[in-house]
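If you want the building blocks of each chain, they are given just below.
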Amino acid sequence: MSEAAAKPADAAYDTSAANLQVLADKLVQLLRIRTMPIGMKHFESADEMLRIPGLRQPTEGAHFTTCQMVTQSRMAGFTLGITLDNVMPGGNCGGIIGLNVPSERYLSGEHMDGVWFQNREASRHHQAQMVRVPAGRFAGLAVAPLRAARLDPPDIVLFYGTPAQTILFVNGLQWKRYRRYDMTITGESACSDSWGRALKTRETSISIPCYAERRYGGVAEDEMLLAMPPDEFARGIEGLEGLAKAGLRYPIPPYGSHVDPSAGMAKSYPSRKPAAG
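In this report, we go over the structure that sits alongside the text. (Residues numbered from 1 in each chain as written. Predicted model: local features only at pLDDT ≥ 70, side-chain atom pairs only at ≥ 80, totals over all residues. Heavy atoms only, no water.)

## Structural notes on the pairing of strand S3 (residues 140-145)
Walk down a regular strand and you will see the side chains alternate between the two sheet faces. Of all six residues making up S3, six are buried, and the element is well covered by its neighbours. Of the two faces of S3, both are covered, the one formed by Gly140, Ala142 and Ala144 as well as the one formed by Leu141, Val143 and Pro145. In the sheet, strand S2 (residues 80-82) pairs with S3 via three bridges, with the strands oriented antiparallel. Of the residues in S3, the one forming a bridge with leucine 80 is valine 143. (Buried < 20%, exposed > 50% of the residue type's maximum accessible area, 1.4 Å probe, protein only. Helix = DSSP H or I, 4+ residues; strand = E, 2+ residues; numbered from the N terminus. Pairing = 2+ DSSP bridges.)

## Overview of a nonpolar patch on the surface
Residues Val115, Trp116 and Tyr211 make up a contiguous nonpolar surface patch of about 360 Å² in total accessible area. Inspection of the secondary structure puts valine 115 in the loop between helix H5 (104-107) and helix H6 (120-128). (Patch = residues over 30% accessible without salt bridge, like charges linked within 9 Å, V, L, I, M, F, W, Y side chains within 5 Å. Areas by Shrake-Rupley, 256 points an atom, 1.4 Å probe, with all protein chains shown as cover. Salt bridge = Lys/Arg side-chain N within 4 Å of Asp/Glu carboxyl O.)

## Some thoughts on the packing of aromatic side chains
Note on aromatic pairs: each is described by the distance of the centres and the angle between the planes. Per the stated rule, a full pass over the model turns up four aromatic pairs. Considering the side-chain rings of tryptophan 116 and tyrosine 211, the 5.5 Å spacing of their centres and the 65° angle between planes classify their relative orientation as edge-to-face. Here tyrosine 211 lies in helix H9 (residues 211-215) and tryptophan 116 lies in the loop between H5 and H6, a separation of 95 residues in the sequence. Overall, the relative accessible area of 51% leaves tyrosine 211 in the exposed class. (Phe/Tyr/Trp six-rings, centres within 6.5 Å; stacked < 30°, edge-to-face > 60°.)

Here it is, written out as structure tokens:
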């Protein structure tokens, strides 16, 4: 039994980097996700961020999207740190994570008018309703695989999964303490729905990655993204272990759409056991 699973329902979860390292390995075993779960952490001082062991920074003078940084970490295992100098000037990548206020060209809707939206008004509303970390407090943002244990602790944990992996993790979150989880869909700039919302609200955030995340960030067509505070990540792993003991595991074995499901359901719900024939 895991340390988390042995705790009473109202106990705080261990969110130390060392324990998150263990939980990351469990996630891979339980859900067989393709890429590594990662942590993300804000820094008020860039100098403090630069003291992270093994930190890499983008090439000087080059500008990257945040989703590219996330993918380099989850796929290649890099520990990366960015400042305002590394993101698109005046854009939403830095704006969503609180490194800058987007320029008037973005906020007015001009930037996406005629691209993602037929008219300026729709484009302006898209910007106005986007979730962003308020600018002015943070100077840097770092990402690192949980297995590296270099962010102690991260502000949020992220991982990508298929719809089946995603719903099982949500089932894990609900296993001991039920609550309904809602998704938000910004459309383009969906990082606002994932790490933007999770960083700002410290709530579990589930998103459908957008076109840009798939084109520039290398997100696969069948991948969704979950972002959450570390204690929710620990709660989800605890729940996945509990579900596994009840026989509810990944991958979900297809039973067949042309077969009476009674025999299969009887394994989980004894009251549905088929009558002897």
